[in-house]
Amino acid sequence: MIKTVFFNKDENCLELIDQTLLPLKEVIIKCHTEQDVAKNIIGMQVRGAPAIGVTAAYGVYLGLINPKNLEKNLHIEELLENICDLLTGTRPTAVNLFYAVNRVRNAILNLHTGDLDKAAKKALEEANAIYEEDLAMCRAIGKYGQELIGDSETWLTHCNAGALATAGYGTALGVFRAAKEAGKNIKIVADETRPLLQGARLTAWELMKDGFDVTVIADNMAGGLIRNDLVQGVIVGADRITAKGFVANKIGTYSLAVLCKYNGVPFYVAAPTSTFDMSIKYDDEIVIEQRNPDEITKFGGVQVAPDGVKVYNPAFDVTPPELITGIITDKGIIEPIYAETIPQVLGLK
Ligand code: MRU
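Residues numbered from 1 in each chain as written. Predicted model: local features only at pLDDT ≥ 70, side-chain atom pairs only at ≥ 80, totals over all residues. Heavy atoms only, no water.

1. Digging into the packing of helix α2 (residues 49-64) against helix α4 (residues 76-88)
Here is step 1 of the chain: Two elements in contact, α2 and α4, have axes whose closest approach is 10 Å; the angle formed by their N-to-C orientations is 145°. In this structure, α2 meets α4 at a crossing whose hand is right-handed. Where α2 abuts α4, its residues Ala56, Gly59, Val60, Gly63 and Leu64 lie against Leu79, Leu80, Ile83, Cys84 and Leu87.
Here is step 2 of the chain: A breakdown of the residues in the contact of α2 with α4 according to their chemical character gives eight nonpolar, two polar and no charged. (Axes fitted to C-alpha atoms, helices over the stretch in contact; angles between N-to-C directions. Helix = DSSP H or I, 4+ residues; strand = E, 2+ residues; numbered from the N terminus. Left-handed = near helix turned anticlockwise from the far one by under 90°. Contact = heavy atoms within 4.5 Å. Nonpolar A, V, L, I, M, F, W, Y, C, P; charged D, E, K, R; others polar.)

2. A few points about the nonpolar core
Here is step 1 of the chain: Counting residues in each nonpolar core, the largest one holds 39 residues, and the members touching the most others are Val5, Leu14, Tyr58, Val60, Leu64, Leu87 and Ile108.
Here is step 2 of the chain: Contributions of two or more residues to this core are made by β1 (5-8), β2 (13-17), β3 (28-31), α1 (34-42), α2, α4, α5 (95-109) and α6 (116-145).
Here is step 3 of the chain: When residues in this core are grouped by element, the largest group, 10 residues, is from α2.
Here is step 4 of the chain: Counting residues in hydrophobic clusters, the runner-up holds 27 residues, among them Leu156, Cys260, Val265 and Leu323. (Core = buried A, V, L, I, M, F, W, Y, C linked by side-chain atoms within 4.5 Å. Buried < 20%, exposed > 50% of the residue type's maximum accessible area, 1.4 Å probe, protein only.)

3. Regarding helix α8 (residues 198-209)
Here is step 1 of the chain: Over its 12 residues, α8 extends 16 Å from the first C-alpha to the last, a length consistent with the 16 Å expected when each residue adds 1.5 Å.
Here is step 2 of the chain: In terms of burial, α8 is largely enclosed, as nine of its 12 residues are buried.
Here is step 3 of the chain: If you check which residues of α8 are buried, you get Gln198, Gly199, Arg201, Leu202, Thr203, Ala204, Trp205, Glu206 and Leu207. (Expected span 1.5 Å × (residues − 1).)

Shown next, in the form of structure tokens:
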């Protein structure tokens with residue numbers, strides 16, 4: 001199993017596979033403190049909405065056992081706020097991060113204890129529960145989603161919504177895994193996903209490990225494939241889904257959805273319940289992370305644009321619900337996507 005996020009009980013630390021080095025090197029990073037966790041989320045050694053959430057949940061635990069924090073003799077609530085602020089300040093778009101950190105924080109506050117050992121024990125229990133639930137949700141997404149895929153079909157995906165983006169198995173890639181497990185002979189096309197190449201580096205790597213037939217394309221090739229009926233559908237992940245079904249996901253998702261709509265090809269989003277943010281409705285309420293210009297002006301460390309050129313580098317875009325055929329969740333498929341159908345399927349009503 002890929003060690004996307006793994007709690008090492010013997011060493012009381014969190015292990016992450018360094019995703020910035022894949023597919024060329026498989027290096028395991030050990031996080032001992034909440035600062036280690038924050039640094040690796042910012043640096044994208046761990047990335048993908050559910051994986052960030054699970055990692056940050058363990059980060060709260062590591063913060064509560066960090067000897068440097070214990071020396072400060074802070075009240076638990078103050079220490080907890082410091083740790084949670086650090087972790088939620090890492091990346092703004094994926095709601096799973098906020099969901100997981102708040103869940104661990106609330107579990108501790110509900111103890112009404114001043115005993116740090118008890119608080120840390122609770123944090124670890126809650127982080128383990130979030131990890132296990134994420135795995136189970138990915139399996140359930142796979143179960144529902146695989147029904148949409150026929151034998152001998154080719155489906156396209158963008159970025160990496162796989163085992164590397166979750167506690168394991170994946171959301172979009174979980175659907176492909178479940179289809180394969182159901183005996184369907186399917187082929188996958190992976191958009192390379194400029195600028196950070198999560199599709200070429202990560203999706204291709206993890207699907208090939210599992211024996212999939214994968215073809216990597218440059219992002220600008222997807223339109224031709226879709227127009228020429230060379231893919232039967234598209235499935236992507238999500239970083240945040242609003243109460244009205246606006247979906248924030250890796251930059252380039254919106255263009256794919258438009259291409260699919262224009263050509264009559266199904267466009268699905270696969271996401272666990274933890275990716276829904278029912279506190280907001282519309283796209284302009286989602287904070288889109290802006291990233292370092294170097295990611296655009298350099299390719300593999302080599303400069304490809306003139307010195308001083310202006311750069312626009314949002315990490316995500318938002319796709320409106322009318323372009324999305326359905327959202328595959330762990331509770332079932334939301335189709336069509338309306339403000340009413342979302343809570344119905346998620347069991348929130
Ligand atoms: O910037 P990243 O690599 O964290 O972006 C990841 C994505 O956009 C994924 O599609 C999304 O988080 C869903 S992962 C199941």
